[in-house]
Amino acid sequence: SLSRRNSTCGSHYLQRIFDRYSINMRLVTAVFLVGHAAAFAPSASRTSLRPATHLNSGDEFVVGVLGDLHIDPRKMEDYETGKSHFLPIFEEAKAKHGNVAIVSLGDLGESKNCDHNPESDSELFAGTTMCHEMAAKFLGSMGVPYDVVGGNHDLEGLDEFETDKENLEVYLRAHNKETPQFCRQIADKTLLVGMGSTLFRDAKFTSHEVTIDQEQIDWFENLVQTHKAEDGWKVFVFTHAPPNGSGLRVLQENHVVNGCCWLNHSNEQQCQKFINLVREHRCIKAWFSGHFHLGQDYQDSITFPTIDPKDGPYPNRGSCVFAQTSVMRAGTSRDGRQQSRLIRGNKDGFEICTVDHQKDGKIRVDATITYRGDTNEVGVYAHEDEAYDHDKYFKVYQPCAGDALHPPDDGFKRYDVDGNIPPFDVDQDTVAWWYMSCGRALGMLNGNLIEYDSSTLAPLGLVVGADELVGKKVGVINSGLDADTCVMMMD
């Protein structure tokens, strides 16, 4: 039978299944920187901010967005190259309108020993005082204001600090931040807003879950409530990991299995909170994240709030575009890409571009977003997917439940008249998904049994691995009982 000691769920995911809910049916075989601006105070009710540095042209702005830096002090060449690509962009923007900034998406230091401490050959560089001071120096050398959001490695100074609180204080001080969150006005009624992770040692499950504390969530909710789209406000959000429901490409072997794909991944209510706020508040126009170390050469590195009905069901992402951001240094890339994001905006909309650090800083427009009034926007991809090794960099299949115009996808399993899903063979190519009676969504992918979020159908975690399921059968049987069991029956 499935139990907490199941070796295929080494990321504590199965424990969360038992802790969080009962399954009521039996499973058989079963750098944004902004112009000048101060961070909001911790109080969710305070919403003062500083304006952009200049407002020579009030609606135009440029923002550089840097993905996971993972600075290694022994390998600074790629960072200097990346900096040289951004400097002329920033100088041109400063001369034109002055509304220019950088946002770093966190994970500032390399999570290994970098020969940085003569007294220790084992101390990790990430999260140390030296790490944050070096990152602050690099980001501050760009000639425009910068801000940063904390990632899952930014409080990893385990040898130097006893507690997350001590580590967080040094991080904030090094980057001249009052709070983990920030809000800066980059142009007329246009805000750059960021939230950062505040847990590492105290994480309930994996330390590499990106956890936004409740105080920041309350602050963010207050901000979008008081800066309404109907009043002309536009909010651009930055976090290290994306929110559940963004539709961005994720990696099964890293982030799905370990339960750290999404913001507040292990807390069901908080995990869903972010996409619910996006759906409710149409002032949120774009959301940028890093975390996955994947490039920007494929279309699902950007997802739109709406699509043509002929292309599929309504994605239900409010008025927000979600964008994945790559990395600057070669040694940190999972797919060989070295890229950053560039946002160019005005009163009519904005462009999301790639700055390609392997092509002398060439700027490529990836998507153009046009505002349709205050509460809607339309996005257009500027290019098709470029060459990409899809087998090696596996995208987790995400079920599609359909809508009034579209049926569920072909993988959806329906119950028969007796309330059962008859057992079916499982191999590496089996794609299937279904709802349990409690509303949970489970499915098969690459031989694995995966849980999906019941609202967004985003992957949440591994339940049973392919090593235990391939070559067997899986079925869902109506027990007729108020059962909270998950039983595996072998042939």
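Residues numbered from 1 in each chain as written. Predicted model: local features only at pLDDT ≥ 70, side-chain atom pairs only at ≥ 80, totals over all residues. Heavy atoms only, no water.

(A) Here's a closer look at the state of the cysteines. A full pass over the atoms with the stated rule returns zero disulfides. Note on C261: no disulfide assigned, nearest cysteine sulfur contributed by C260 at a separation of 6.5 Å. Classification of C261 as buried rests on a relative accessible area of 0%. Take C271: it sits in no disulfide, and the sulfur closest to it among the cysteines is that of C261, at 9.2 Å. (Disulfide = S-S within 2.5 Å. Buried < 20%, exposed > 50% of the residue type's maximum accessible area, 1.4 Å probe, protein only.)

(B) Fine view of the confidence of the model for the protein. Confidence in the prediction of the protein, expressed as mean pLDDT, is 83, and 82% of residues score 70 or more. Within the model, the stretch residues 1-48 combines pLDDT values under 50 with 200 contacts to residues more than four positions away or in other chains. Counted against residues more than four places away or in other chains, residues 50-56, with its pLDDT under 50, gives 25 contacts. (pLDDT = per-residue confidence, 0-100. Contact = heavy atoms within 4.5 Å.)

(C) Looking closely at the pairing of strand 11 (residues 339-346). Of all eight residues in strand 11, six are buried, a share of seventy percent or more. The pairing of strand 2 (residues 61-66) with strand 11 spans five bridges and is antiparallel. Looking across to strand 11, one finds that V62 is bridged to R344. Two elements, strand 11 and strand 12 (residues 349-356), share eight bridges in a ladder whose sense is antiparallel. By the bridge assignment for strand 12, G345 is matched with F350. Hairpin remark: strand 11 followed by strand 12, antiparallel, with two residues in the connecting loop. (Helix = DSSP H or I, 4+ residues; strand = E, 2+ residues; numbered from the N terminus. Pairing = 2+ DSSP bridges.)

(D) Summary view of the packing of aromatic side chains. Throughout the structure, instances matching the rule amount to 14 aromatic pairs. Residues Y79 and F138 carry aromatic rings whose centres are separated by 5.8 Å and whose planes lie at 70° to one another, so their mutual orientation is edge-to-face. Of the two residues, Y79 sits in helix 2 (residues 77-96) while F138 sits in helix 3 (residues 129-140), which places them 59 residues apart along the sequence. Residue classification places Y79 among the buried positions, given a relative accessible area of 0%. Look at F220 and W287: their rings are 5.9 Å apart centre to centre, the planes differ by 80°, and that puts the pair in the edge-to-face class. Of this pair, F220 sits in helix 5 (residues 214-226) while W287 sits in strand 8 (residues 284-289); the two residues are 67 residues apart in sequence, bridging distant segments of the chain. Accessibility expressed as a relative area gives 0% for W287, which makes it buried. (Phe/Tyr/Trp six-rings, centres within 6.5 Å; stacked < 30°, edge-to-face > 60°.)

(E) Examining the pairing of strand 6 (residues 190-194) more closely. Most of strand 6 sits inside the fold, with five of its five residues counted as buried. In the sheet, strand 5 (residues 182-187) pairs with strand 6 via five bridges, with the strands oriented antiparallel. When the bridges of strand 6 are listed, C183 appears paired with V193. If you look at the hairpin formed by strand 5 and strand 6, you'll find two residues sitting between the two strands, and K189 has a positive phi there, around 50°. Both strand 6 and strand 7 (residues 234-238) contribute to a ladder of five bridges, which runs parallel. Note on strand 7: the bridge partner recorded for T190 is K234. At this point the chain moves from strand 6, through helix 5, to the parallel strand 7, and the crossover so formed is right-handed. (Right-handed = clockwise from strand over helix to strand, strands pointing away.)

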